[in-house]
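Structure assessment
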Protein chains: 2
Amino acid sequence: MLQKRTAFYVSDRTGITAEMLGHSLLTQFEGVVFTETPVPFVDSLEKAQELLRRIDDARDTDGKRPLVFTTLVDPEISAVVASADALVLDCFEIFIAPLEAELGIKSSHTVGRSHSAADVVDYHRRIEAVNYALAHDDGVSTRDLTEADVILVGVSRSGKTPTCLYLALQFGVRAANYPLVPEDFSSMRLPSQLRSFRAKLFGLTINADRLQHIRSERKPGSSYATLPNCQFEVREAEALMRQEGIPYLDTTTKSIEEIATHVLHEAKLVRHIY
Amino acid sequence: MLQKRTAFYVSDRTGITAEMLGHSLLTQFEGVVFTETPVPFVDSLEKAQELLRRIDDARDTDGKRPLVFTTLVDPEISAVVASADALVLDCFEIFIAPLEAELGIKSSHTVGRSHSAADVVDYHRRIEAVNYALAHDDGVSTRDLTEADVILVGVSRSGKTPTCLYLALQFGVRAANYPLVPEDFSSMRLPSQLRSFRAKLFGLTINADRLQHIRSERKPGSSYATLPNCQFEVREAEALMRQEGIPYLDTTTKSIEEIATHVLHEAKLVRHIY
């Protein structure tokens, strides 16, 4: 029988860092059914005490100690959580001591220095990047393409829109996107609006079977969604991108994070972090 | 004089987890100028060797050892990076041993179990959530609001759109948004399309001075952007939300992560992690 465990991701802020790290650690353990519970905004001793009760309840339900991943900055709150009858893994404090020793200075133990809007310039860049992605989605506008950090091209439903939005939200990068359509393939030329921005172009491609599946969910029974049409568009788009010297990436088995990271990495763009 | 240090965020995949954790640790140290360098896709011994050269270069330039945060799963690659003349902080391996002891099983040491599109169901949910957010942005469509997990309301430029997109991309949550506009305030009633979805409504509000600033950048000199108009709209929107019993959050000093986490937390929505 599979063992059941509850994992808590505990933070005085959003808990997203604890959750991403904890979740990727848990994927390394097969044969365990994990219930993953984010607990953000644990910023008082009362909330820490309430968390202890939830940890006890989970232990009683599972019959096993919970796993608790924390990124708590306040030492008093952290001490309360550390007293839980659970495996408590402090993802923050464990690195503070070696960093203090290496840098020769004490940490400030200040809550919320990252993921806060304190830095209004950064926040503004991010919001503007989102607005830019929305205004330049799917070739809607080709105005201001000079301001784009990168312009994604590819057939419809190859992953351009979510990638542009992720680039904006996660990295503050201004990403436009422009579809490659059958009339581009018959001329075997780039859309005229894009020709002066060749150095900013980055292609996304996708397996034709997967594309058929995605398009069939959007427009069932359309000729647009048929396998022969998907095969044709993918083949022609790849040929056009090769001919034009546009680097491209197969998105078929990649997550949005992976696609976005590849684009930044290969286009040598600076990513900001929030 | 401020000391200069280079921080590398090293991973066999995107490096986003290492970067988020490392960056939030570094914000705890004032008086150091950090150059932060993500190094994703270090998935071969050759790339690990190349990284060692970059670490050496950074040490020579700064005159101080770099800081290297890693989330490498492959033990051989990890060993190469650990041999660098730097403070190498392994954000992954350090937690594997206590987890193995607690769970009584060995980890699989498999690269890329998170942030991969392997789980097509999850991937699909996420893309559909993005499509949903785009189709239901700014009240564009009120069809299918029954499918929304949450519907954000608030005055124009209170942060609804980026929050909805972040909820979709990061958490796979279907979020619609609907603006509150002057005609809603004169009737002091919710837009009729929203009245049957009251339990799904969540409000965003914002400081009027900040709103004036944001609106002035979008539409300089418009009456829409004047301080008296911003004060009027914010006051009336808050009164309407209070009257209707809609919970709301002030976004003025919050990051997109914080706003999104608050919305999920207070609306008691389940967040998925990718």
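Residues numbered from 1 in each chain as written. Chains lettered and ligands numbered in written order. Predicted model: local features only at pLDDT ≥ 70, side-chain atom pairs only at ≥ 80, totals over all residues. Heavy atoms only, no water.

Topic: the overall build of chain A
For clarity, the cut-off: Comment: elements are numbered from the N terminus, with helices defined as DSSP H or I runs of at least four residues and strands as E runs of at least two. All radius of gyration figures rest on C-alpha atoms, and the globule criterion is 2.2 Å times the number of residues raised to 0.38. For every residue, the accessible area obtained with a 1.4 Å probe (protein chains only) is divided by the maximum for its type, and the residue is called buried under 20%, exposed over 50%, and partly exposed between those limits.
Tallying secondary structure elements over chain A gives ten helices and eight strands in all. Against the 2.2 N^0.38 benchmark of 19 Å for 274 residues, chain A shows a C-alpha radius of gyration of 24 Å, more extended than a compact globule. Overall, chain A is about 70 × 50 × 30 Å in size when its C-alpha atoms are taken along their principal axes. Across the 274 residues that make up chain A, the buried fraction comes to 57%.

What about the relation of the copies chain A and chain B?
Basically, it comes down to this: In this comparison the copies share one frame, found by least squares on the C-alpha atoms of residues holding pLDDT of at least 70 in both.
The two copies are related by a screw operation: chain A maps onto chain B through 180° of rotation and 0.0 Å of translation along the axis, at an RMSD of 0.0 Å. Taken together, the rotation angle and the small translation identify this as a two-fold axis. Taking C-alpha positions as the reference, the residue of chain A nearest the rotation axis is Thr17(A), at 3.4 Å.

A few points about the domain arrangement of chain A
Selection criterion: Here the bounds of each domain stem from an automatic or database domain assignment.
We note that the domain assignment places domain 1 (3-103) and domain 2 (120-266) within chain A. Computed from C-alpha atoms alone, the centre-to-centre distance between domain 1 of chain A and domain 2 of chain A is 39 Å.

Focus: the sheet that holds strand β1 (residues 3-11) of chain B
All names here are of chain B. Put simply, the test is: Note on pairing: two strands pair once DSSP finds at least 2 bridges between them. Interaxial angles span 0 to 180 degrees and are taken between N-to-C directions of axes, which are lines fitted to C-alpha atoms, for helices over the stretch in contact.
Overall, parallel pairing links the four strands, which are arranged β2-β1-β3-β4 in an open sheet. The open sheet terminates on both sides in strands that have one partner only, identified here as β2 (32-39) and β4 (87-90). Each neighbouring strand pair of the sheet contributes to a mean axis angle of 20°, computed without reference to strand direction. Note that β1 and strand β3 (residues 67-71) share five bridges and pair parallel. Residue pairing across strands places Ser11 opposite Thr71, the latter belonging to β3.

Notes on the nonpolar core
Formally: For our purposes a nonpolar core is just a set of buried Ala, Val, Leu, Ile, Met, Phe, Trp, Tyr and Cys residues, chained together by side-chain atoms within 4.5 Å. We call two residues in contact when some of their heavy atoms are within 4.5 Å.
Core analysis: the largest hydrophobic core is formed by 52 residues, its most contacted members being Leu167(A) and Leu167(B). With near-sequence residues (within four places) excluded, Leu167(A) lies in contact with Val150(A), Gly172(A), Val173(A), Ala175(A), Ala260(A), Val263(A) and Leu264(A). Judged by nonpolar contacts, the second largest core, of 40 residues, contains Tyr9(B), Leu26(B), Phe34(B) and Leu89(B).

A short note on the packing of aromatic side chains
All names here are of chain A. To keep it simple, the criterion reads: Here the aromatic set is Phe, Tyr and Trp, taking the six-membered ring for Trp, and pairing holds for ring centres within 6.5 Å; pairs whose planes are under 30 degrees apart are stacked, those over 60 apart are edge-to-face, and all others are tilted.
Under the defined criterion, the tally for this structure stands at seven aromatic pairs over all chains. For the pair Tyr9 and Phe69, a centre-to-centre distance of 5.7 Å together with 35° between the ring planes defines the contact as tilted. With Tyr9 in strand β1 (residues 3-11) and Phe69 in strand β3 (residues 67-71), the pair connects residues that are 60 residues apart, well separated along the chain. For Tyr9, a relative accessible area of 0% puts it in the buried group.

Describing the side chain of Ser11(B)
Turning to its location among the elements, Ser11(B) is positioned in strand β1. The residues contacting Ser11(B), other than those within four sequence positions of it, are Val39(B), Pro40(B), Phe41(B), Val42(B), Thr71(B) and Leu72(B).

Section: the interface of chain A and chain B
This is how the line gets drawn: Two parts placed together each lose some accessible area; with a 1.4 Å probe, that loss summed over both constitutes the buried area. When a carboxyl oxygen of Asp or Glu lies within 4 Å of a side-chain nitrogen of Lys or Arg, that pair is called a salt bridge.
Every contact between the two is made by 83 residues of chain A and, on the other side, 83 residues of chain B. Taken over both partners, the interface formed by chain A and chain B buries close to 8200 Å², and the fraction arising from carbon and sulfur atoms is 66%. Taken as a group, Gln28(A), Phe29(A) and Phe95(A) account for 9% of the area that chain A buries against chain B, more than any other trio of residues on that side. Here chain A and chain B share eight salt bridges between them.

Here's the deal with the layout of surface pockets
Keep this limit in mind: Detection works on a 1 Å grid of protein atoms alone, calling trapped sets that fit a 1.4 Å probe cavities and calling open sets with protein on both sides within 12 Å along at least five of seven lines pockets, with lining residues defined by an atom within 4 Å of a point. Grid points are joined across faces, edges and corners, and a volume is the space filled by probe spheres set on the points. Residues are grouped as follows: nonpolar covers Ala, Val, Leu, Ile, Met, Phe, Trp, Tyr, Cys and Pro; charged covers Asp, Glu, Lys and Arg; every other residue, Gly included, is treated as polar.
Counted as a void, the second largest pocket has a volume near 790 Å³. Along the wall of the second largest pocket there are 37 residues; nearest its centre are Arg157(A), Thr161(A), Arg218(A), Ile127(B) and Asn131(B). Elements with a contribution of two residues or more to the lining of the second largest pocket: α6 (160-171), β6 (175-179), α8 (208-218) and α10 (256-266) of chain A together with α5 (120-135) of chain B. Counting residues per element, the lining of the second largest pocket draws most heavily on α5(B), which supplies eight residues. The residue makeup of the lining of the second largest pocket, split by class, is 14 nonpolar, eleven polar and twelve charged.

A few points about the sheet that holds strand β7 (residues 201-205) of chain B
Hydrogen bonds between backbone atoms are what pair the strands of a sheet, whose relative direction is either parallel or antiparallel. Residues and elements named next belong to chain B. The parallel open sheet is built from four strands, whose spatial order is β6-β5-β7-β8. At either end of the open sheet lies a strand with only one pairing partner, and these are β6 (175-179) and β8 (248-250). Sheet twist, expressed as the average angle between the axes of neighbouring strands with direction ignored, equals 25°. The strands touched by helix α9 (residues 227-244) are β5 (150-154), β7 and β8; relative to β7, the strand with the most contacts, the crossing angle is about 155°. Taken strand by strand, helix α10 (residues 256-266) contacts β5, β7 and β8, and its axis lies near 150° from that of β7.

Brief notes about the pattern of salt bridges
Residues and elements named next belong to chain B. Evaluation of the coordinates by the stated rule reveals 26 salt bridges over all chains. Between Arg59 and Asp56 there is a salt bridge, with its nearest N and O atoms 3.0 Å apart. Of this pair, Arg59 and Asp56 both sit in helix α2 (residues 45-62), three residues apart, which is roughly one turn of that helix. Under the relative-accessibility criterion, Arg59 is labelled partly exposed at 22%. Residue Asp56 is classed as partly exposed on the basis of its relative accessible area of 30%.

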